Amino acid sequence: MQKLADFKLPPFFNYPPYFTLQPVRDTREKQIQLWKELILDYCKSQKIFLIGVEDDFPLFSNSAIDRSLSHEAREAFLSAIVGEGRAEWLDKGHRKCLILWHRIQDWADMILQFVRDNGLEDSVMTVEEIRTGTESHGTELQGIDRTILMRALKLLENKGKLALFKGTSADDEGVKFSV
Amino acid sequence: MASGSSIGVGVLFENAEVTTSGRPVLRRNEVECFLLSSVEFDSEDDPPRFTTLKSGNLILTTHRLIWIPSQSNGAVPSSISLAAVTHIYSHKKSIKSMFHSPRIRFQADPGAIVVTIVFRGKGDIDGFLTKFWECWRGRAWEEEEKSESETSRSGSGTVAQGLYGNDGTVRMVGLAGILRKEQEQWESTDKSLQDAFQDLNALMSKAKEMVSLAEKMRQKLLSAPSSQNGSTDDEEMGSKEEMQQWMLSVGIISPVTKESAGALYHQELSRQLADFVRIPLEQAGGMISLTDMYYHFNRARGTELISPDDLWQACTLWEKFDVPVMLRKFDSGVMVIQNKSHSDEEVMSRIRMLVTKTETLRAGVTASDAALTLKIAPAMAKEHLLTAETKGLLCRDMSPDGLRFYFNLFPEIDPTSQHIAKDFGTYGVWVKATSMLSV
């Protein structure tokens, strides 16, 4: 079995047609499904939050069989993930894609759990601390993408669970929990 | 062999000797100078001084005017010696002469008869006239007389002098002989070409007439009201069909025909084609492209080749008859002829067998691979592979190496248990086959 870092690639990763966008509808639907799962699994395991369509994203090519996905194919598969709500295009030109292998709602739930676990119900923290602070070590929140974190926090703010406030600089953006 | 005497004695027209293929037999030293077709010799006197020589070829030589009839209607090749010509009239062009065939008149003995040459064909009349003058003035026959009398004086003359042997044939001796031989060959080629082109010119002018006539007919057919009151006049329809028939046989496609159920020509062609198609179809494995059939059919016909359009029309008519063959168009636009009994299923199963072999599971097939294995033309193989892809049997792999087709494993891959290699199913076989390669 092939590996990319510590990720076990499935056998069909070596199936050449896997890398050609299939014209026949039924076949293509199956192919898209397989790619969606693979991308999400891989990003989750490697904590990858962003994919650039033109980047050398490891899944997009397989040197063992000398195949790589065309631009059209990459866009097709990423768009399928976006369509399912598990990703978002960051630009109109569809060049950068934010991968939500956890949905925003899931991240929000994790933040709430994090707050409860650490007794931060009425505390104040900087956004950066949530990401990189000692409390987050070993949790899924560690190293979370800033954009995603802000979105989750905003979601919670709308629910009245916290309040966001600006600090003296971007790094000092803070959160007052009222969970 | 020389005939008669060199100067017509008491006779205007002499019989001219010709070979079995109609070429004039020339005398010693006599050289052909000009050739024209569709020429008539007329006497414009009233009453005429001689019977008109109609419709023949005129050959001007250094010694004579020779007339050879173009049809064997009893007329005899004749000639007038240039020595007998006393006067050649100049060719006056007038407004009147523009509407008539060109004429050249000359006067000849015996009897100072005025002879009119009427030129009914195309030809360089002025050129002829110039040559006529030259030859007449050249008086080549007088030199011959001199040498004739010389040789007769010197005895029985068994020794051939100069280029010509005693029997009048040219002796091919020395450099002069070689040059002379070449000259003769060139002249004869030139003449036969001239002849051929004369015929072609005549044919072309006739063809032009035919085409313009056919055009008029076509216009007439187009403008004629087909059924004004709903009831068609049977007689009119009959003659209309006849006209269509005739026009088609001349090779002109009638626009009216396309609207109708198909003219008789296409119907007959269609039946003929259905019969013919059987054998090439069998050889090609049950399916043959329209272009291949076009080649086969025309090759067999030899002459009277049919156009691609005729072929296509003939095939489309098969629907209306009970024939065992049909025309089929693929999504890609490729058109093929196939047996009605041909089943896609059969081809599919053969393809399936091909792509599930271990080697092809791993590496896939190209259209040419399939063509070799299935024993069909590569273009046909590609169509079959594409059809198999549409049916979900195959999927494609596009790379800089080209287009390949693989057995479609996608349906067998279970996304929820991706990492469990199935022990059964083709996917399992494939996994085993590919894992044997070091990855």
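- Named according to an unreviewed UniProt entry, chain B is Vacuolar protein-sorting-associated protein 36 originating from Capsella rubella.
- Taken verbatim from the UniProt record of chain B, the Subunit (unreviewed entry) comment is "Component of the endosomal sorting complex required for transport II (ESCRT-II)."
- The UniProt entry for chain B carries this comment under Sequence similarities (unreviewed entry): "Belongs to the VPS36 family."

- An unreviewed UniProt entry lists chain A under the name ESCRT-II complex subunit VPS25, from Capsella rubella.
- UniProt's Sequence similarities (unreviewed entry) comment on chain A is quoted here verbatim: "Belongs to the VPS25 family."

1. A closer look at the sheet that holds strand β2 (residues 32-42) of chain B
Residue and element names in this part refer to chain B.
Working step 1: Taken in spatial order, the eight strands line up as β1-β5-β4-β3-β2-β8-β7-β6 in an open sheet, and their pairing is antiparallel. Whereas interior strands pair on both sides, the edge strands pair on one side only; in this sheet they are β1 (14-15) and β6 (85-88).
Working step 2: Direction of pairing for strand β3 (residues 53-61) relative to strand β4 (residues 64-69): antiparallel, over a ladder of five bridges. Across the sheet, N57 pairs through a bridge with I68, a residue of β4.
Working step 3: Those strands touched by helix α2 (residues 125-138) are β2, β3, β4, β6, β7 (103-108) and β8 (113-119), and its axis lies near 140° from that of β6.

2. Structural notes on helix α14 (residues 425-435) of chain B
Working step 1: Every buried residue of α14(B) is accounted for by T426(B), Y427(B), G428(B), W430(B), V431(B), A433(B) and T434(B).
Working step 2: Where the residues of α14(B) are buried, they touch α11 (358-363) and β13 (402-407) of chain B.

3. Looking at the sheet that holds strand β10 (residues 325-329) of chain B
Residue and element names in this part refer to chain B.
Working step 1: Spatially, three strands are ordered β9-β11-β10 in an open sheet, and the strand pairing comes out antiparallel. A single partner strand is all that each edge strand has here, and the edge strands are β9 (287-289) and β10. Shown here is a sheet whose adjacent strand axes are inclined to one another by a mean of 30°, direction ignored.
Working step 2: Sheet analysis places β9 next to strand β11 (residues 335-339), joined by three bridges and oriented antiparallel. Each bridged residue has a counterpart across the sheet, and for M287 the counterpart in β11 is Q338.
Working step 3: Packed onto the sheet, helix α8 (residues 290-301) meets β9, β10 and β11 and runs at close to 85° relative to β9.

4. Looking at unusual backbone geometry
Leaving glycine aside, a negative phi is the common case for residues, and trans is the common case for peptide bonds.
All names here are of chain B.
Working step 1: Going from D109 to P110, the amide bond is cis rather than trans, its omega being 5°.
Working step 2: Even without a glycine there, the phi angle at S38 is positive, about 55°.
Working step 3: Among the secondary structure elements, S38 is positioned in strand β2.
Working step 4: In the Ramachandran plot, K375 falls in the positive-phi region, its phi being about 60° despite a non-glycine side chain.

5. A short note on the interface of chain B and chain A
Working step 1: Each partner contributes to the interface: chain B provides 21 residues, whereas chain A provides 23 residues.
Working step 2: Summed over both partners, the interface of chain B with chain A comes to about 2100 Å²; 67% of that surface belongs to carbon and sulfur atoms.
Working step 3: The interface formed by chain B and chain A holds one salt bridge in total.
Working step 4: For D397(B), the salt bridge identified is with R67(A), shortest N-O distance 2.7 Å.
Working step 5: Seen at the junction of chain B and chain A, the total is nine residue pairs in polar contact (both at pLDDT 80 or more).
Working step 6: Broken down by secondary-structure element, the contributors of at least two residues to the side of chain B that touches chain A are α13 (378-390), β12 (394-399), β13 and α14 of chain B.
Working step 7: Looking at side-chain class alone, the side of chain B that touches chain A contains 13 nonpolar, five polar and three charged residues.

6. Thoughts on α13(B)
All names here are of chain B.
Working step 1: With 13 residues, α13 extends 18 Å between its outermost C-alpha atoms, agreeing within 8% with the 18 Å of an ideal straight helix rising 1.5 Å per residue.
Working step 2: Within the sequence span of α13, burial applies to M380, A381, E383, H384, L385, T387, A388 and E389.
Working step 3: If you follow the buried residues of α13, they end up packed against β9, β11, α10 (344-355), α12 (367-374), β12 and β13.
Working step 4: Among the residues trailing α13, G392 stands out with phi positive, at a value near 90°.

What counts and how
- Residues numbered from 1 in each chain as written.
- Chains lettered and ligands numbered in written order.
- Predicted model: local features only at pLDDT ≥ 70, side-chain atom pairs only at ≥ 80, totals over all residues.
- Heavy atoms only, no water.
- UniProt positions renumbered as here; feature names shortened; annotations may be inferred.
- Pairing = 2+ DSSP bridges.
- Helix = DSSP H or I, 4+ residues; strand = E, 2+ residues; numbered from the N terminus.
- Contact = heavy atoms within 4.5 Å.
- Axes fitted to C-alpha atoms, helices over the stretch in contact; angles between N-to-C directions.
- Buried < 20%, exposed > 50% of the residue type's maximum accessible area, 1.4 Å probe, protein only.
- Buried area = accessible area lost by both parts, 1.4 Å probe.
- Salt bridge = Lys/Arg side-chain N within 4 Å of Asp/Glu carboxyl O.
- Polar contact = N/O pair within 3.5 Å; in protein donor to acceptor, adjacent residues only side chain to side chain.
- Nonpolar A, V, L, I, M, F, W, Y, C, P; charged D, E, K, R; others polar.
- Expected span 1.5 Å × (residues − 1).

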